[in-house]
Structure formats: C-alpha cells, structure tokens
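Now for the letters of each chain:
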Amino acid sequence: MMILRRSLRILADLRLAIVLLLAIALFSISGTVIEQGQSIGYYQSNYPEHPALFGFLTWRVIGLLGLDHVYRTPWFLALLVLLAASLTACSYLRQWPALKTARRWNYYDQPKAFEKLALSAELSSGSLTTLAPLLTAKGYTLFQEDHRLYARKGLIGKIGPIVVHVSMLLILAGAVWGSLSGFFAQEVIPSGAQRGITNVIDAGPFSASQIPHDWEIKVNRFWIDYTAEGNIDQFYSDLSVVDQEGTERDRQTISVNHPLRHRGVTLYQTNWGIDGVQVRVNNSPIFQLPMAPLKTGSSGRFWGTWVPTKPDMSTGVSLVARDLQGLLLVYGQDGNPLGAVREGTALQLDEDLRLSVVKVIGSTGLQIKADPGVPLVYAGFGLLMVGVVMSYVSHSQIWALQAGDRFFIGGKTNRSHILFERELVSIIESLEPTPAPSDPQPTATVS
C-alpha cells in the first residue's frame, strides 16, 4: 500500500503533468509538420541523410522513431495513457478530498476562531434570526445549530476541477481508441466507376471491423466548376454507396469541406485528375485510352496519352490536357503541335486522317477515414467547456456566532475576493441598526 500511495503521489505531481503535456504537444506538432503516412521513397527524397534537416532529421530517424505515423506509435499512446493516469491520481488524491472537505460543514464555537479569517467583524448588535434571511437572499445554503451558523455557496466551483479532469480523460480515451481502431485510406476513382476501399494508408491494430467490406463507392459523376478566368472554383463528386447486392444505400454530392458520412466512415473530396479519353480515328469504333500525369517541371498539371492512327500502331499522335474543360492539344510524332481539339469535336490531321474526341474522363481523389474515438473527443471538449465555467464559480463560506451581547461574523472565499468582501460588508451593514444623529455609533471591529 505504501508503494502504491507513493506511486500515486508521483503521478499526481503537477510538474509531471506539465512535462507530459509539453511532450505530447511537441510530438503532436511534429506530426503536423512531418507528412504522415507517406511512402519510404517520399521520405528518402524529402529527408535525405546528406544534408540532414536540422543536422539530425533524416528518413532513417523518421522511420526509427515512427514519426511518419506519430499518433499511432506505442510511445505516443504511452504518453497519453501516462497523462490519463496522472489526471486520475490527481483527482483521487487532491480534487476529490477537497470536494468532500467543502461539502462538510463545521461551526465556530469560540470568538477567537474568527481571528483566523481574513474578513471578520465583532458587532454589538445582530442575531442569527436577522442574518439568516440576508444570506438566503444571496444564495447561501444555511446550517444552524443553537447560537452558531455556517453558510456556503458556490460548491459547484469545487466540482468544476473534477469535471475538467473527467473531460480530459474522455479526450485522451477518444484519442487512444481512435488511434487503435481507426483507419485512413485514399482512392482515385474514375467517373462512372465503382470500387471498394483497398488503398489503406494507415490503420490501427483493431481497425479490421471499421474498414468496410460489405459496400463499395460508385462515382456517378465527377465535374469541376471553373471561374471566368479559367481557374478551378470547386470540384464535385456525385457518390453512391452500393452494397454487395448492388443496392444503393446512400447517395450524396460531395465537395471540399462537404464530405459524405456513412456508418462511421467519412469520405472527403481532396483531389482530382484525368483518368482517360474516349477517341475515334476516322470511322473506327470509339476506344478509351488512359491518360497519365506528365512531369513538366512546372507548377501546372498536365496529362497525356498516345493515340495510334494506324491499325499496326506504327504511327500515332499525342494528346495533352491540363483540365476538364475539354480542350486537348495534339502533337505529332516529331513533337510539333498539330492543333487543338475540344471534347465532342474532331480535328482533321490530313486528307485521310480525322481525330475525334468523344469524352474526357475525370477521376476523383477521395480521402477516406474512420475514427471511432471522435464522439468521445467531442463529448470531452463539450464537458471541458462546462467544467471550465464551473471552476470559475467562487466557493464562499460565512460563519456566525452569538456570544452573549456580542455577535461575531466572518467569511472567506477562494476567488473574487473583492466582490466577496463587498458582499459581506453589505450584510454586516444590514445587521447594524441605523443610529439616530444623537446616538453613539455601534461598536464593530473588522480585521
């Protein structure tokens, strides 16, 4: 028991809690600065060994410490659990006993007891009978026995710190549970295609039940709205959730900051691309060709494909597009431009060769994630706001004693001392009779 109590006192130490909070904050910042869930090639390119970032941060260090998935590393989860243990120990050893002490009432039996109070008065007049209604009017709860009285209000201010600790425990529990059972995935799906969630980037050890296997995502349509200057204004995906029998269970058009939520899984619109193009050469059947992103060395994005113009594929032309507005540039085998063609139109390349572009097919980039700990985190933050407000309520106490022809009154509070002093002074003034001009002043001492 002694070892347990000593361990609890160490956990309840405020200095330990501060160190843990600083460590969690530091590693949380690192998880924001260092991109999470990328491939090892990405980190090798962006965090080389020579020269190392800040002299030590390389892709090897990132992989060794797990900084590429900070929030799921055992040591980060251990910090959260240790902070939760510290909060629990503090509540058990300090906050809960303080609340029990505040709930107990005690009377002052001797006048000298009032000397311990920062604010007290000795009156030659006054009584518990006249004091009680004054305290009740100001919201105090009274306890009276014979010639003694104890009053208090603001007990909720003592409950506030416990509520704050409980809320933080909820937040930590939500964070740990979300890390262990959540997942994060990315999918690029062409317009008109249907796919399941298979490209899981990061997942917790208990996330198998969260990754959906009984429904898939169908992209009914993907499109982009452009401004008058030709810049992207917003891009949209008309999505359907389809079960294994092909029945549509949900349908919604999503855009940036307007996701689709289905059975605890959230689908965000994050990216877009050009998946392919449907073309016809002269009177041939329509055939669809994939388009791949081109590395141009510029900030713009381009996609390209090669279109054979002869059945033996000995010759052909290249098509290049930069957006989904339907305009494609056509280049010959020598790399010289041959012209431009729009979706739904044709370009006559020579007397015997006509290239028609039937449709440009876009693809939507979806970010898919599930975090079962989010409800706990939200509940914790809501409770935290309530607890903080409760903690600002002053816990005020007033004692009174009728000793012969003398009346003693005093009180104390844990905050808002000036307001409490004014309140107690006004009560004392109400107890004192208003003297006539010729009457001597009543005797009162305030310490």
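Residues numbered from 1 in each chain as written. Predicted model: local features only at pLDDT ≥ 70, side-chain atom pairs only at ≥ 80, totals over all residues. Heavy atoms only, no water.

Observations concerning the sheet that holds strand E14 (residues 302-308)
- Strands sit in the order E13-E14-E15-E16-E17 across an open sheet of 5 strands; the sheet is antiparallel. The two strands at the open ends of the sheet, each matched to only one other strand, are strand E13 (292-294) and strand E17 (337-342). Averaged over all pairs of adjacent strands, the angle between their axes in this sheet comes to 35 degrees, without regard to strand direction.
- Across 5 bridges, strand E16 (residues 327-331) lies against E17 in antiparallel orientation. For Tyr331, the partnering residue across the bridge sits in E17 and is Pro337. (Pairing = 2+ DSSP bridges. Helix = DSSP H or I, 4+ residues; strand = E, 2+ residues; numbered from the N terminus. Axes fitted to C-alpha atoms, helices over the stretch in contact; angles between N-to-C directions.)

Some remarks on the sheet that holds strand E5 (residues 194-195)
- As summarised here, the arrangement of the 4 strands in space is E5-E7-E8-E9, forming an open sheet in which the pairing is antiparallel. Only two strands of the sheet have a single partner each, and these edge strands are E5 and strand E9 (248-255).
- In the sheet, strand E8 (residues 232-243) pairs with E9 via 7 bridges, with the strands oriented antiparallel. Counted as the bridge partner of Ser237 is Ile254 from E9.

Re the packing of helix H2 (residues 14-33) against helix H5 (residues 74-103)
- Interaxial distance between H2 and H5 falls to 10 Å at its minimum, and their mutual angle equals 150 degrees. One way to sum up the angle between H2 and H5 is to call them roughly antiparallel. Between H2 and H5 lies a crossing whose hand is left-handed. Along the contact surface, H2 presents Leu14, Ala17, Leu20, Leu21, Ala23, Ile24, Phe27 and Ser28, while H5 presents Trp75, Phe76, Leu79, Leu80, Leu82, Leu83, Ser86 and Arg94.
- Partitioning the contact of H2 with H5 into residue classes produces 13 nonpolar, 2 polar and 1 charged. (Parallel < 35°, antiparallel > 145°, perpendicular 65-115°, else oblique. Left-handed = near helix turned anticlockwise from the far one by under 90°. Contact = heavy atoms within 4.5 Å. Nonpolar A, V, L, I, M, F, W, Y, C, P; charged D, E, K, R; others polar.)

Quick look at the pairing of strand E11 (residues 265-281)
- Pairing of strand E10 (residues 260-262) with E11 involves 3 bridges; the strand directions are antiparallel. From the neighbouring strand, Arg261 faces E11, where its bridge partner is Thr266.
- Counted between consecutive antiparallel strands, the loop separating E10 from E11 contains 2 residues, among which Arg263 sits at a positive phi close to 50 degrees.
- Relative to strand E19 (residues 353-370), E11 runs antiparallel, the two sharing 14 bridges.

Geometry only, nothing functional implied.
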